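Coordinates in review
Chain by chain, the residues:
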Amino acid sequence: MIGRKTARSGRVPWLLALIFCAQWAHALDLEEYRVKASLVGNFAMFTEWPDAVGDTLNLCVYGPDPFGEDLSSLKGKKIARRSLTVKRVSSVDALGDCQIVFISRAVISNLPRVLDAVNGRPALTVADSPGAASRGVALNMATDGGKINFEANLRAARGNGLNLNPNMLRLATEVIK
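Residues numbered from 1 in each chain as written. Predicted model: local features only at pLDDT ≥ 70, side-chain atom pairs only at ≥ 80, totals over all residues. Heavy atoms only, no water.

Focus: the overall build of the protein chain
In plain terms, the rule: Secondary structure elements are taken from DSSP: a helix is a run of H or I of four residues or more, a strand is a run of E of two residues or more, and numbering for both begins at the N terminus. We call two residues in contact when some of their heavy atoms are within 4.5 Å. Here, Shrake-Rupley sampling with a 1.4 Å probe gives the accessible areas, and only protein chains in the shown set may cover a residue.
If you tally the helices and strands in the protein chain, you get five helices and 10 strands. Long-range pairs, those at least 24 residues apart, make up 60% of the contacts in the protein chain with a sequence separation of at least 6. Total accessible area computed for the protein chain in this model is approximately 9900 Å², and 57% of it derives from carbon and sulfur atoms.

If you want it as structure tokens, here you go:
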């Protein structure tokens, strides 16, 4: 009986530590995506948009939204003379009206279809999946040592009629030409 009670009480600190670590990791994820949401807004500001885009930039999250309300805080933000809207879409077919497309990790396997859907249109593709920039995404965010950085694919951006500001490109860890 004593051995059993000791074994149970020995598990409690480990269980509490596990719960604490899980909550701490979740808090880090929330902070990570708060920073990434801000980066997406900055990416839009440091992109030269063709006049044909009009007065609204539709920022679309394709797949499960990791940002939560942090991305929603960008609604109505002015990018030059344009107003930013935020939409969540679950179908590649719904990307036709999007100027900024964030491709979530859960659907990155569908990247070829996404790129085909926006190819040749003024659409800035953004992701946070390893290797996404080399696979055709214009801007790909990564976390390295607790810091968030990004890679830029100029070929992808220019192929969609967009120019990325050189000051922003200086901050990229890699620029694919």
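So that's the structure; there's more coming.
Concerning the environment of P122
Cut-off, in case you're wondering: Here's how the labels work: a residue is buried when its accessible area is under 20% of the maximum for its type, exposed when over 50%, partly exposed in between, all with a 1.4 Å probe on protein chains only.
Assignment of secondary structure puts P122 in the loop between α3 (111-118) and β6 (124-127). What makes P122 partly exposed here is its relative accessible area of 25%. Placed 70 residues apart in sequence, P122 and A52 show a C-alpha to C-alpha distance of 8.6 Å. Filtering out sequence-adjacent residues up to four positions away, P122 remains in contact with W49, P50, V53, Q99, N160 and L162.

Thoughts on the pattern of salt bridges
Which entries qualify depends on this criterion: Any Lys or Arg side-chain nitrogen located within 4 Å of an Asp or Glu carboxyl oxygen qualifies as a salt bridge.
Within the structure shown, the criterion is met by 10 salt bridges. Linking K87 and D97 is a salt bridge whose minimum nitrogen-to-oxygen distance equals 3.3 Å. Of the two residues, K87 is situated in strand β4 (residues 82-89) and D97 in the loop between β4 and β5 (100-103); the sequence distance between them amounts to 10 residues. Of the charged contacts in the structure, one is a salt bridge between R105 and D128, with a shortest N-O distance of 3.5 Å. Placement of R105 in the loop between β5 and α3 and of D128 in the loop between β6 and β7 (139-144) is noted, with a sequence separation of 23 residues between them. Relative accessible area serves as the criterion here: at 46%, R105 is assigned to the partly exposed category.

A look at the side chain of T47
Applicable threshold: In protein, a polar contact means a hydrogen-donor-capable atom and an acceptor-capable atom, both N or O and within 3.5 Å, with residues adjacent in sequence counting only if both atoms are side-chain atoms; elsewhere, any N or O pair within 3.5 Å suffices.
When you line up the elements, T47 lands in strand β1 (residues 47-48). Looking at T47, its side chain comes within polar contact range of the main-chain oxygen of F43, at 2.6 Å. Beyond its immediate sequence surroundings of up to four residues, T47 is in contact with L124, L162, N163 and L164.

Section: the confidence of the model for the protein chain
We count it as follows: As a per-residue measure, pLDDT tells how confident the predictor is, with possible values from 0 to 100.
Summing up the model confidence of the protein chain, the mean pLDDT is 87 and the portion of residues at 70 or higher is 83%. Contacts for the low-pLDDT stretch residues 1-28, under 50 throughout, to residues beyond four places or in other chains number zero contacts.

Points about the packing of aromatic side chains
What counts here: Only Phe, Tyr and Trp rings take part, Trp by its six-membered ring, and two of them pair if their centres are within 6.5 Å. Stacked means planes under 30 degrees apart, edge-to-face means over 60, and tilted covers everything else.
In total, this model carries three aromatic pairs according to the counting rule given. Arranged with centres 5.5 Å apart and planes meeting at 85 degrees, the rings of Y33 and F67 form a pair that is edge-to-face. Of this pair, Y33 sits in helix α1 (residues 2-45) while F67 sits in the loop between β2 (56-62) and α2 (69-72), and the two are 34 residues apart along the sequence. For Y33, a relative accessible area of 10% corresponds to the buried category.

Some words on the nonpolar core
In globular proteins that are soluble, nonpolar side chains generally tend to be buried together. Just so we agree on the cut-off: Buried residues of nine kinds, namely Ala, Val, Leu, Ile, Met, Phe, Trp, Tyr and Cys, make up a nonpolar core once their side-chain atoms join them within 4.5 Å.
Of all hydrophobic cores here, the largest spans 34 residues; its most connected members are F43, L124, V126, L139 and L164. If we ignore the near neighbours within four places in the chain, the residues touching F43 are L124, V126, L139, M141, F150 and M168. Core analysis: the second largest hydrophobic core is formed by 18 residues, V89, L115, A123 and A132 among them.

Comments concerning α3
Since the α-helix packs 3.6 residues into each turn, any two residues three or four apart lie on the same face. For the record, the criterion: Note: the arc covers the axis-to-C-beta directions of the helix.
Inspection of α3 places L111, V114, L115 and V118 among the buried residues, and these make up the whole buried set. One face of α3 carries all of its buried residues, which in axial projection span an arc of 95 degrees. Looking one or two residues past α3, G120 carries a phi angle of roughly 80 degrees, positive in sign.

Re the pairing of β5
Under the convention used in this document: Being paired, for any two strands, means DSSP has found at least two bridges between them. Crossover handedness is defined by viewing with both strands directed away from the observer: a clockwise path from the first strand over the helix to the second marks the crossover as right-handed.
Here β5 shows a buried face lined by I100 and F102 and a second buried face lined by V101 and I103. The pairing of β2 with β5 spans four bridges and is classified as parallel. Across the sheet, residue Y62 finds its bridge partner in β5, namely I103. Pairing analysis gives four bridges linking β5 to β6, with the strands arranged parallel. Bridging across to β6, F102 finds its partner in V126. Crossover connection from β5 via α3 to parallel β6: handedness right-handed.

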